[in-house]
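# An overview of the molecular structure
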Amino acid sequence: MNGRVALVTGGGRGIGREAALLLSAAGARVMIVARSATELAAVGLEFVVADLGTAEGCALAVAETERRLGPIEVLVVNHGIGSAHERLVWEQDPATWRETMRINLDGPFELARLTVGGMCKRGFGRLVFTSSTAGEKAERSGSAYSASKHGVIGLARAVAQDAGPFGVTSNAVLPGWVRTAMAERSAQAEAKRRDVSVEQVWRERAALYPQNRVLEPIEVAQVIAFLCSEAAGGVNGEAITVALGGLW
């Protein structure tokens, strides 16, 4: 990764933060992007504040990265919105659907559109999209999230087909339950809905996996870092589940 320029979205916390730090430790020049300047500044890497649910925010992130660091060679699309606020499909607010697609699917498309052409011209590129196990198995009261994460896998595979002949790889990672801020919000919402403790929700989530625990962000980040490396040149168009051997 020596000297490679990497853009990591959702880089202020959780999986994105850990992935950015791993890439930096491997020698990459890393730009992280999110909406919270406070969280980004605490990571200690170059950062830009942008709303990646808009075409303008995506363009800003790409332009600032290339202005400060150089052409983007590695793109980790990790930002997203969860499903804690969703309802059964017949009760779903269409505004929730549109917001989820704007952030979880439109943003990744814009970022890929703005960067992949340059990667192809230069003959090297790595794209990794964070989907979810919900990208293959739909969850209850999660029509927007599940659909968007299914779409992210399709986008990653489509980019792999378009860019593969030019030395560019594109893959998706599908984490199971990870104890991140986004997952914590969903646990709180579920606990309130069921009138149980948040810790009970997390115990139940842990029980879904053979090791009786949920993932740590670093475990997903390590897979992302590998897919960004020179060593992963033979892996393209894949949806890689990181879920401790569990179904979720």
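Since the model is a prediction, treat every value here as computed from it, not as a measurement.

Glancing now at the packing of aromatic side chains. For the coordinates displayed, the defined rule picks out one aromatic pair. Centre to centre, the rings of W177 and W202 are 6.3 Å apart; their planes meet at 80°, and the pair counts as edge-to-face. Of the two residues, W177 sits in the loop between β6 (168–175) and α6 (181–194) while W202 sits in helix α7 (residues 198–206), which places them 25 residues apart along the sequence. Lying over the aromatic face of W177, R205 brings its terminal NZ or CZ to 3.4 Å of the ring centre. If you follow R205 out to its NZ or CZ, it ends over the ring of W202, 4.8 Å from the centre.

By the definition in use, this model includes 15 salt bridges. Here R4 makes a salt bridge to E230, at a shortest N to O gap of 2.7 Å. Within this pair, whereas R4 is found in the segment before β1 (5–9), its partner E230 is found in the loop between α8 (217–228) and β7 (239–242), the two being separated by 226 residues in sequence. Here E230 falls in the partly exposed class, since its relative accessible area comes to 47%.

Attention now moves to the sheet that holds strand β5 (residues 125–130). Read across the sheet, seven strands follow the order β3-β2-β1-β4-β5-β6-β7 without closing on themselves; strand pairing throughout is parallel. This sheet does not close on itself; its edge strands, each paired only once, are β3 (46–49) and β7. With direction set aside, neighbouring strand axes in the sheet form an average angle of 20°. Contacting β4 (74–77), β5, β6 and β7, α8 crosses the sheet at an angle of about 170° to β6.

Rules and cut-offs
- Residues numbered from 1 in each chain as written.
- Predicted model: local features only at pLDDT ≥ 70, side-chain atom pairs only at ≥ 80, totals over all residues.
- Heavy atoms only, no water.
- Phe/Tyr/Trp six-rings, centres within 6.5 Å; stacked < 30°, edge-to-face > 60°.
- Helix = DSSP H or I, 4+ residues; strand = E, 2+ residues; numbered from the N terminus.
- Lys NZ or Arg CZ within 6 Å of the ring centre and 35° of its normal.
- Salt bridge = Lys/Arg side-chain N within 4 Å of Asp/Glu carboxyl O.
- Buried < 20%, exposed > 50% of the residue type's maximum accessible area, 1.4 Å probe, protein only.
- Pairing = 2+ DSSP bridges.
- Axes fitted to C-alpha atoms, helices over the stretch in contact; angles between N-to-C directions.
- Contact = heavy atoms within 4.5 Å.

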